[in-house]
Amino acid sequence: MASAISVSVHCPGAIAGLSAATAAAVVGVPAAMLAAPTRSRPTVARARQLAVYLHHFALGASVSACARLFARDRATVRNALARIETMRDDPRFDHCAARLQAAIAAQRDMILALIAEGAAQ
């Protein structure tokens, strides 16, 4: 996990946007809307909650880092995490969430490997 921290210092957009882009694509909303300062419509709010969840669990970001990335306070982030955890009680949603987490973790690992390869050259 330490390598993810060092990469975020050198290229913050390389990994930070994975969760937002994934959640936005799955829900079908523009990724830019997830960091909007307003609550937005319910579909965007749900996509944001999913993105926060993925950012926290798939990428290992702290609650504070999630709050900064999505322009929310930590209480809102904790609420988003709790809502998605509750949704995971549904086996179909749980299966999808688990696959999204695995996909994002794989993308993170690929990005880290490419960066490490580039740094070694």
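Residues numbered from 1 in each chain as written. Predicted model: local features only at pLDDT ≥ 70, side-chain atom pairs only at ≥ 80, totals over all residues. Heavy atoms only, no water.

**Describing the overall build of the protein chain**
Here is step 1 of the chain: A count of helical and extended segments in the protein chain gives six helices and zero strands.
Here is step 2 of the chain: Its helices and strands in sequence order give the protein chain the pattern α-α-α-α-α-α, from N to C terminus.
Here is step 3 of the chain: Residues classed as buried in the protein chain amount to 35% of the 121 residues present.
Here is step 4 of the chain: Summarising the internal contacts of the protein chain: among those between residues at least 6 apart in sequence, 59% fall at separations of at least 24.
Here is step 5 of the chain: Accessible surface, the protein chain: about 6,900 Å² in total, of which carbon and sulfur atoms supply 61%. (Helix = DSSP H or I, 4+ residues; strand = E, 2+ residues; numbered from the N terminus. Buried < 20%, exposed > 50% of the residue type's maximum accessible area, 1.4 Å probe, protein only. Contact = heavy atoms within 4.5 Å. Areas by Shrake-Rupley, 256 points an atom, 1.4 Å probe, with all protein chains shown as cover.)

**Some points on the packing of helix α3 (residues 42-57) against helix α6 (residues 91-120)**
Here is step 1 of the chain: Relative orientation of the contacting elements α3 and α6 amounts to 55°, with a least axis distance of 10 Å. Here α3 is positioned oblique relative to α6, judged by the angle of their axes. Handedness of the crossing formed by α3 with α6: right-handed. For the pair α3 and α6, the contacting residues are Leu50, Tyr53, Leu54 and Phe57 in the first and Phe93, Ala97, Leu100, Gln101 and Ile104 in the second. (Axes fitted to C-alpha atoms, helices over the stretch in contact; angles between N-to-C directions. Parallel < 35°, antiparallel > 145°, perpendicular 65-115°, else oblique. Left-handed = near helix turned anticlockwise from the far one by under 90°.)

**Focus on the confidence of the model for the protein chain**
Here is step 1 of the chain: When pLDDT is averaged along the protein chain, the result is 86, and 88% of the positions lie at 70 or above.
Here is step 2 of the chain: Per-element averaging of pLDDT across the protein chain places helix α1 (residues 2-10) at the bottom with 38 and helix α5 (residues 74-87) at the top with 97.
Here is step 3 of the chain: Between residues 1-12, whose pLDDT stays under 50, and residues either more than four places distant or in other chains, the model counts nine contacts. (pLDDT = per-residue confidence, 0-100.)

**What about the side chain of serine 19?**
Here is step 1 of the chain: For serine 19, the location among the structural elements is in helix α2 (residues 12-27).
Here is step 2 of the chain: Contact partners of serine 19, with chain neighbours within four places excluded, come to Ala51, Leu54, His55, Leu59, Phe70 and Ile104.

**What about the nonpolar core?**
Here is step 1 of the chain: Leu34 and Val52 are the most contacted members of the largest nonpolar core, which totals 28 residues.
Here is step 2 of the chain: For this core, the secondary structure elements donating two or more residues are α2, α3, α4 (63-69), α5 and α6.
Here is step 3 of the chain: In terms of residues, this core owes the most to one element, α3, which gives seven residues.
Here is step 4 of the chain: Ignoring sequence-local partners within four residues, the contact set of leucine 34 consists of Ala20, Ala24, Val29, Val44, Ala47, Arg48, Ala51 and Phe70. (Core = buried A, V, L, I, M, F, W, Y, C linked by side-chain atoms within 4.5 Å.)

**As for the pattern of salt bridges**
Here is step 1 of the chain: Applying the stated criterion to the full structure yields two salt bridges.
Here is step 2 of the chain: In this structure, arginine 108 engages aspartate 109 in a salt bridge whose closest nitrogen and oxygen atoms are separated by 3.0 Å. (Salt bridge = Lys/Arg side-chain N within 4 Å of Asp/Glu carboxyl O.)

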